[in-house]
Amino acid sequence: MKLTLLGAPGAGKGTQSDILSRKLGVPTISTGNILRSAIHDGTSVGLAAKSYIDKGQLVPDNVIIDIVQERLSKPDCANGFILDGMPRTIPQAEALIAHGIELDSVLSLEVSDEDIVERMAGRRVCPRCGASYHVRGTALIVRPDDAPETVRDRLHVYHEQTEPLKGFYEKLGLLHSVENVGSIEDVSREIFRSLGIVE
Ligand code: ADP
């Protein structure tokens, strides 16, 4: 299955994409994690991306499209993949189509802005892999772009630039929306049901 997850920052995309990835046996490709590791390694992509990320802005489309195209050409993506955090703009979605990358489904995780602000206040991530839950043996840190002012900027960017993708994919008949309320397990079950994945 070729799937992408849409949702505001902190909507739970990372958590649910990991569960889906294990269930479907396909890799999760998180553009946020790829960019953070590029920044950590000091690569040219990392240097180009850092100032945007720190301000809560989107990294330019051409940088993202190159990264994703390269990653999706790896053999482990041959049977499918889950994109976490891409596309985030209409031009990124159009680029996927232009490059012949056809999605089977698009899952939008719905959470209110008030809940997002509350959740992000306590969020910690693994500095190595970017996962936002506990990883044994690794100290969890606060992501610099999780500061409350930056979260508000990221929410604004989400509503302006990413949310229009829901209409884009709805027209293509690919959109599935699931409210991320309740336990992680309940939400996963609802996602499986919505995507027609047999438990
Ligand atoms: P979250 O979903 O919690 O906002 P991510 O880890 O997905 O966080 O992304 C962190 C930051 O990386 C974003 O705020 C943005 O600056 C950058 N980024 C990630 N994916 C994209 C993308 N597809 N297009 C542009 N910028 C991106």
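One structure accompanies this document, and this report is about it. (Residues numbered from 1 in each chain as written. Predicted model: local features only at pLDDT ≥ 70, side-chain atom pairs only at ≥ 80, totals over all residues. Heavy atoms only, no water.)

### Let's talk about the environment of His159
Then, in step 1: Topologically, His159 is positioned in helix α7 (residues 148-162).
Then, in step 2: Along the chain, His159 and Asp145 lie 14 residues apart, while their C-alpha atoms are 17 Å from each other.
Then, in step 3: For His159, the contacting residues outside a window of four places in its chain are Asp113 and Pro164.
Then, in step 4: Side chain to side chain, His159 and Glu163 meet in a polar contact 2.8 Å long. (Helix = DSSP H or I, 4+ residues; strand = E, 2+ residues; numbered from the N terminus. Contact = heavy atoms within 4.5 Å. Polar contact = N/O pair within 3.5 Å; in protein donor to acceptor, adjacent residues only side chain to side chain.)

### Digging into the sheet that holds strand β3 (residues 81-84)
Then, in step 1: Here we have five strands laid out as an open sheet, ordered β2-β3-β1-β4-β5, and parallel in their pairing. This sheet does not close on itself; its edge strands, each paired only once, are β2 (28-30) and β5 (175-179). Within the sheet, the average angular offset between the axes of one strand and its neighbour, ignoring direction, is 20 degrees.
Then, in step 2: Here strand β1 (residues 2-7) runs beside strand β4 (residues 105-110); their pairing, made up of five bridges, is parallel. When the bridges of β4 are listed, Leu5 appears paired with Leu107.
Then, in step 3: Helix-sheet contacts for helix α9 (residues 184-195) involve β1, β4 and β5, and the interaxial angle to β5 is about 160 degrees. (Pairing = 2+ DSSP bridges. Axes fitted to C-alpha atoms, helices over the stretch in contact; angles between N-to-C directions.)

### Some details on the pattern of salt bridges
Then, in step 1: For the coordinates displayed, the defined rule picks out eight salt bridges.
Then, in step 2: Where Arg71 meets Asp76, a salt bridge forms, and the shortest distance between an N and an O atom there is 2.8 Å.
Then, in step 3: Judged by relative accessible area, which is 22%, Arg71 ranks as partly exposed.
Then, in step 4: A salt bridge links Asp186 to Arg189, with the shortest nitrogen-to-oxygen separation between them at 3.0 Å. Here Asp186 pairs with Arg189, and both are found in helix α9, just three residues apart, close to one helical turn.
Then, in step 5: On the accessibility criterion, Asp186 (42% relative accessible area) is partly exposed.
Then, in step 6: Given the relative accessible area of 42%, Arg189 is considered partly exposed.
Then, in step 7: Because the salt bridges share partners, they merge into one network encompassing Glu110, Glu163 and Lys166. (Salt bridge = Lys/Arg side-chain N within 4 Å of Asp/Glu carboxyl O. Buried < 20%, exposed > 50% of the residue type's maximum accessible area, 1.4 Å probe, protein only.)

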